[in-house]
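The primary structure of each chain is shown beneath.
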Amino acid sequence: MKLIALLTCHNRRDLTVRCLESFFRQTFRGSPPELEAIVVDDGSTDGTTEALQRAFQSVRVVAGDGTFFWARGMQLAESHAIAERPDFILWLNDDVDLERDAVELLLSTAATRPDAIVVGALADPESGQVTYSGVLRSRWHPLRTRLVQPGTRPLEADTFNGNAVLVPRAVYEIVGAIDGAFSHGQADYDYGLRARRAGFGVVVAPGVCGTCRRGGQEGTFYDSTLTLRDRWRLVQGPTGLPMRSHARYLRRHGGLLWPLFWAAPYVKLVVSALVTAPRRLLSQRT
């Protein structure tokens, strides 16, 4: 059995090395699978590529130019992986630290659900709260989701956060590629929903597969301490919620009312910035 992990990274050398160390130190009770990794280094200037080449023999590094971000980087890594037709590919964020039995847990879950993508739930290393997992969508609002809390058996989900996700060959050959036309986010949700439409399931493996901190709102377009101009610049940036990418997602998965759902985050941002502007100006004067 062959399993190839896919990662994309930019200037997070130490995190990326630690993530891959956790991947290659996996333990198995039976015959271990052949483990490889393909990493798209998207224009790092901190020596990531050199560090990976020194540390690992089973890692192939593919160079990006710094403009790929997550979706295009993962699409490129995936294209290299599927040329080898592995039994499984493992989406892996470079800030994930896997438990030693995480891959075996994902594979054993896949053995019971060969028709499904298997999602590994991740937790905050300090609080233990689940940070990333499969998600369930609201019945009426395509952008509202809630995390699936892992249990003692596989649990169904609608789609997933793409931090630690096992995709069998049967799925990637039929569903197709990760959509690199997304700017950064939403490509993971899109893939899960496309897989569901193709007749595959999405399940969350039992227990927690590792740790991964959830990013905060400070310095993002959600940050109410920033000016409207700064928040608008951030929301339109690649890692925000750029209009074209957001529309691409909602045209596919937002139903007939998708234009309303598309406009709502931008209207909410403007209203929020205008409401908090007097308070921010007052605090600056004092």
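Our structure's up above, just so we're on the same page.
Structural notes, computed from the coordinates. (Residues numbered from 1 in each chain as written. Predicted model: local features only at pLDDT ≥ 70, side-chain atom pairs only at ≥ 80, totals over all residues. Heavy atoms only, no water.)

### Some remarks on the sheet that holds strand S15 (residues 210-211)
As summarised here, the arrangement of the 4 strands in space is S5-S15-S7-S8, forming an open sheet in which the pairing is mixed. Only two strands of the sheet have a single partner each, and these edge strands are strand S5 (97-98) and strand S8 (130-132). Of the pairings in the sheet, the one linking S5 to S15 comprises 2 bridges and is antiparallel in character. Looking at S15, one finds that Asp97 is bridged to Thr211. (Pairing = 2+ DSSP bridges. Helix = DSSP H or I, 4+ residues; strand = E, 2+ residues; numbered from the N terminus.)

### Topic: the pairing of strand S9 (residues 134-137)
Sheet analysis places S9 next to strand S12 (residues 159-160), joined by 2 bridges and oriented antiparallel. Across the sheet, Val135 pairs through a bridge with Thr159, a residue of S12.

### Structural notes on the pattern of salt bridges
Scanning the entire structure with this criterion turns up 19 salt bridges. Here Glu173 ties to Arg85 by a salt bridge, and the two come within 2.9 Å at their closest N and O atoms. Taken together, the residues Glu173 in helix H5 (residues 169-175) and Arg85 in the loop between helix H3 (69-82) and strand S4 (88-92) connect sequence positions 88 residues apart. Of the charged contacts in the structure, one is a salt bridge between Asp179 and Arg248, with a shortest N-O distance of 2.9 Å. (Salt bridge = Lys/Arg side-chain N within 4 Å of Asp/Glu carboxyl O.)

### Remarks on the nonpolar core
Leu6, Trp91, Ile117, Phe160, Val167 and Tyr191 are the most contacted members of the largest nonpolar core, which totals 39 residues. In this structure, Leu7, Val17, Leu166 and Cys212 belong to the second largest nonpolar core, which totals 36 residues. (Core = buried A, V, L, I, M, F, W, Y, C linked by side-chain atoms within 4.5 Å. Buried < 20%, exposed > 50% of the residue type's maximum accessible area, 1.4 Å probe, protein only.)

### Examining a nonpolar patch on the surface
There is a patch of nonpolar side chains on the surface, built from Leu256, Leu257 and Leu260 and spanning about 400 Å² of accessible area. As for its placement among the helices and strands, Leu256 is situated in the loop between helix H8 (243-253) and helix H9 (258-285). Taking the relative accessible area as the measure of exposure, Leu256 reaches 86% and is therefore exposed. (Patch = residues over 30% accessible without salt bridge, like charges linked within 9 Å, V, L, I, M, F, W, Y side chains within 5 Å. Areas by Shrake-Rupley, 256 points an atom, 1.4 Å probe, with all protein chains shown as cover.)

### Comments concerning the side chain of Thr131
Counting through the fold element by element, Thr131 comes out in strand S8. Setting aside its immediate chain neighbours within four residues, Thr131 contacts Leu122, Ala123, Asp124, Leu147, Asn161, Cys212 and Arg214. (Contact = heavy atoms within 4.5 Å.)

### What about unusual backbone geometry?
Even without being a glycine, Phe69 presents a positive backbone phi close to 60°. Mapped onto the elements, Phe69 comes out in helix H3. When its relative accessible area of 30% is taken as the criterion, Phe69 is described as partly exposed. A positive phi is found at Arg85, a non-glycine position, where the angle reads about 50°.

Treat this as a map of the structure, not an account of what it does.
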